[in-house]
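# Examination of the molecular architecture
Listed below are the residues making up each chain.
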Amino acid sequence: MKKVCIYGAGAIGGWIGARLALGRLAQVSAVARGATLAALRLHGWRLVEDGAVRSAAVAGASSDPRELGVQDLVVVAVKGPAMGEVARQIGPLLGPHTVVVPAMNGIPWWFTEGLPGAAGAEPLASVDAGGRIAAAIPAAQVIGCVVHAAALVREPGLVEHRMGRGLVLGEPGGASTPRLQALVRLLREAGFEATESPHIRRDVWFKLWGNLTMNPVSMLTGATADRILDDPLVREFCSSAMREAAAIGRRIGCEIEQPPEERHAVTRKLGAIKTSMLQDAEAGRMLELDAIVAAVRELGERVGVPTPTIDALFGLARLAARVRGLYPA
């Protein structure tokens, strides 16, 4: 994988791109725009780790994928609402053997591919209405990814890595393929804690199960995670939604054995954190409600699992986001 493109050089994309470029393991380019694009062209990749700023040359940076050409690997690291635009523009980066790795939150467009029965009948309308993303980025070219790390953008083009280096990767069909093994090796050489998973859907679902409530509840209330969990009524509301999601998981082969209370205990150890959705709301950015909440509702409808708590959560969060202009009317 000699040619790598990061599509979306924000916190996670910038972190992955900088680590690969610093290791001189590939020619690492970026699709970016605005101030981030200008910073990449001026300074290259810049990463703050352990208090020190490190930089590496960028192989190319453009808002137009046609200027970068076909890649061996494309890491898509954008917010869910931007995926429609990515699908429209990504074509020039993709050859027949290009691997696409979505390093994103929530349910990805490829998630239902291969699921049995109604669950896999077609792409989820909440994340890929009309199947346009699936048509532009076929599941056969995707390697699934779950990110266990925290990073932030100090200023455009300057990313600070905060904690975690975990990248869980897997073929949607579960096989251990040469391309998956090569990708894991590449990322390990770049300093990531990359692991190969035979059940990447289950890994995606488990991370979503933890984010499903904390993200929208924090946006609704403005509260940090510790205050959400300190309120017994709110905590039980979150637990109820998580039990509904776990029931859906059982129907689609994504069993969750951990009870909500154990997950809350893990979250509590993180302290007074602001979720990514709360940070997005405060910054006036469009919110990822569809991939994190609406997709779970839609899967529940497909497999016949009632979701009254998730329904209420989505309705409230959607209305609050629309009032702020952060979700489409």
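Structure: see above.
Residues numbered from 1 in each chain as written. Predicted model: local features only at pLDDT ≥ 70, side-chain atom pairs only at ≥ 80, totals over all residues. Heavy atoms only, no water.

### Notes on the side chain of Ser 29
Residue position: Ser 29 is located in strand β2 (residues 27-31). Take Ser 29: its relative accessible area is 5%, and that puts it in the buried class. Ignoring sequence-local partners within four residues, the contact set of Ser 29 consists of Val 4, Cys 5, Ile 6, Trp 45, Val 58, Ala 59, Gly 60, Leu 68 and Gln 71. (Helix = DSSP H or I, 4+ residues; strand = E, 2+ residues; numbered from the N terminus. Buried < 20%, exposed > 50% of the residue type's maximum accessible area, 1.4 Å probe, protein only. Contact = heavy atoms within 4.5 Å.)

### Topic: helix α12 (residues 289-303)
Taking 1.5 Å as the rise per residue, α12 with 15 residues should run 21 Å; its terminal C-alpha atoms sit 21 Å apart, in good agreement. Of all the bends in α12, the greatest measures close to 35° and is centred on Ala 295. Burial analysis of α12 places 12 of its 15 residues in the buried class, the great majority of the element. Considered for burial, the residues of α12 that qualify are Leu 289, Ala 291, Ile 292, Val 293, Ala 294, Ala 295, Val 296, Glu 298, Leu 299, Gly 300, Arg 302 and Val 303. Residues of α12 that are buried in the fold lie against α4 (125-128), α7 (200-221), α9 (232-251), α11 (276-283) and α13 (308-323). (Expected span 1.5 Å × (residues − 1). Bend = angle between axes of the 7 residues up to and from the residue.)

### A word on the nonpolar core
Val 76 and Trp 205 are the most contacted members of the largest nonpolar core, which has 65 residues in total. Broken down by element, this core gets its largest block of residues, 9 residues, from α12. Among all residues touching Val 76, those that are not within four sequence positions of it are Tyr 7, Met 83, Val 86, Ile 90, Val 100, Val 101, Pro 102, Ala 103 and Met 104. Counting 39 residues, the second-largest nonpolar core is a separate cluster that includes Leu 37, Ala 56, Leu 169 and Leu 187. (Core = buried A, V, L, I, M, F, W, Y, C linked by side-chain atoms within 4.5 Å.)

### Overview of the environment of Arg 19
Along the chain, Arg 19 turns up in helix α1 (residues 11-22). Of the residues examined, Arg 19 reaches a relative accessible area of 14% and is grouped as buried. Measuring from C-alpha to C-alpha, the distance between Arg 19 and Val 74 comes to 15 Å, with 55 residues separating the pair along the chain. Sequence-distant contacts of Arg 19, defined by excluding residues within four places in its chain, comprise Leu 47, Glu 49, Arg 54, Arg 165, Ala 190, Gly 191 and Phe 192.

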